[in-house]
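# Chain and residue survey
Listed here are the chains, written in short residue letters.
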Amino acid sequence: MSLLSRNKPLWQKLCIVLGVILLLAAAGLTGRNLWQQHQAEQSSAQLLELARQRMEGETALPDDDPFEPDPLAGYAIDGILSIPGLGLELPVLADYSEDNLRLSICLYEQDSDGSRKVIAGHNYRNHFGRLGSLAEGDSLTYTAADGSKTGYRVLSLTEIDADDREALEAGEWDMTLFTCNTDMSRRILVRLAEIPPDSQ
């Protein structure tokens, strides 16, 4: 028997049609989000390889190379963030923008001497989507573009309003990682303290 049988009143038929349209729209949005996550995962992997090559001093392709140059080769990379507890190793783009966030995590801001960094990422599954599962005391490593490594440990996890700039910068910490919650109304922050070299 058809969902739109002739026995149903018009308002019921309209409700069914509207329900089908909403289901299709939801499926379309879910598919789009999954595609964006897939693209971001691929871009991050390519940028990570590029960052490693640069740190090892490998040069770019020669000018007479017959192949197209890598479209990601022009991006400035500040370093590589390793989060063993989440099984993540991500390149950190040096320039923050919405377009760059679709590729990988980005340096949102830092003090002039580089002592305090804020790193932003989308809540994609393989970017910062699992930040909330880190725990106090978990360790991370940041490898700068010059190859130097700094260890960090998680001080705390917290949430703030999405537009609360003062709360983002408040407190004593050396690095902050942040992403948005699912409806983008809040920011999830992970505060980190640098581990002294003699303690690593």
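Conventions adopted
- Residues numbered from 1 in each chain as written.
- Predicted model: local features only at pLDDT ≥ 70, side-chain atom pairs only at ≥ 80, totals over all residues.
- Heavy atoms only, no water.
- Phe/Tyr/Trp six-rings, centres within 6.5 Å; stacked < 30°, edge-to-face > 60°.
- Helix = DSSP H or I, 4+ residues; strand = E, 2+ residues; numbered from the N terminus.
- Buried < 20%, exposed > 50% of the residue type's maximum accessible area, 1.4 Å probe, protein only.
- Core = buried A, V, L, I, M, F, W, Y, C linked by side-chain atoms within 4.5 Å.
- Contact = heavy atoms within 4.5 Å.
- Polar contact = N/O pair within 3.5 Å; in protein donor to acceptor, adjacent residues only side chain to side chain.
- Pairing = 2+ DSSP bridges.
- Axes fitted to C-alpha atoms, helices over the stretch in contact; angles between N-to-C directions.
- pLDDT = per-residue confidence, 0-100.
- Salt bridge = Lys/Arg side-chain N within 4 Å of Asp/Glu carboxyl O.

## Regarding the packing of aromatic side chains
- Applying the stated rule across the entire model yields two aromatic pairs.
- Consider the rings of Y108 and F178, whose centres lie 5.0 Å apart with planes at 90 degrees: the pair is edge-to-face. Within this pair, whereas Y108 is found in strand β3 (residues 105-110), its partner F178 is found in strand β7 (residues 175-180), the two being separated by 70 residues in sequence.
- Among the residues examined, F178 registers a relative accessible area of 5% and is labelled buried.

## A look at the nonpolar core
- Judged by nonpolar contacts, the single largest core of 20 residues is most densely connected at L81, I83, I119, F128, M175, L177 and L192.
- When contributions to this core are tallied by element, the ones reaching two or more residues are β1 (77-83), β2 (88-93), β3, β5 (139-144), β6 (149-161), β7 and β8 (186-195).
- In this structure L177 touches L81, I83, I119, F128, L131, L140, I188, L189, V190 and L192, once residues within four positions along its chain are discounted.
- Grouped together as the second largest cluster of nonpolar side chains are 17 residues, A51, I80, C106 and W173 included.

## Section: the side chain of N181
- With respect to the helices and strands, the residue N181 is situated in the loop between β7 and β8.
- Overall, the relative accessible area of 16% leaves N181 in the buried class.
- Among the polar contacts made by the side chain of N181, one reaches the side chain of D183 at a distance of 3.2 Å.
- Setting aside chain neighbours within four positions, we find N181 in contact with N123, R186 and I188.

## Describing the sheet that holds β6
- Here we have eight strands rolled up into a closed barrel, ordered β1-β2-β3-β4-β7-β8-β6-β5, and mixed in their pairing. Ignoring strand direction, the axes of neighbouring strands in this sheet form an average angle of 35 degrees.
- Pairing geometry for β7 and β8, over six bridges, is antiparallel. Residue pairing across strands places C180 opposite R187, the latter belonging to β8.

## Some remarks on the confidence of the model for the chain
- Of the residues in the chain, 74% have a pLDDT of 70 or more, and the chain-wide mean is 82.
- No element of the chain has a lower mean pLDDT than helix α1 (residues 10-55), which averages 70, and none a higher one than strand β4 (residues 117-120), which averages 96.
- Per-residue pLDDT stays below 50 along residues 64-69; that stretch engages in two contacts with residues further than four places along the chain or on separate chains.

## What about the side chain of S104?
- On the secondary structure map, S104 appears in the loop between α2 (98-101) and β3.
- There is a polar contact of 3.3 Å between the side chain of S104 and the side chain of S44.
- The residues contacting S104, other than those within four sequence positions of it, are S44, L47, P91, L93 and H127.

## Focus: the environment of V118
- Its place among the elements puts V118 in strand β4.
- Excluding residues within four positions of it along the chain, V118 makes contact with C106, L107, Y108, E109, L168, W173, T176 and F178.

## Brief notes about the pairing of β4
- Neither face of β4 is exposed, since K117 and I119 on one face and V118 and A120 on the opposite face are all buried.
- The antiparallel pairing of β3 with β4 creates a hairpin that spans six residues between the two strands, and G114 there sits at a positive phi of about 75 degrees.
- Sheet topology note: the β4/β7 ladder contains four bridges and is parallel. When the bridges of β7 are listed, A120 appears paired with F178.

## Some thoughts on the pattern of salt bridges
- Going through the model one piece at a time under the given rule, you end up with eight salt bridges.
- Where salt bridges share partners, they join E109, R165 and E169 into one cluster.

## Points about the environment of Q110
- Position of Q110 among the secondary structure elements: in strand β3.
- In this structure, the C-alpha to C-alpha distance between Q110 and D174, residues 64 residues apart in sequence, is 9.8 Å.
- If we ignore the near neighbours within four places in the chain, the residues touching Q110 are R116 and K117.
- Polar contacts involving the side chain of Q110 include one to the side chain of K117, which spans 2.9 Å.

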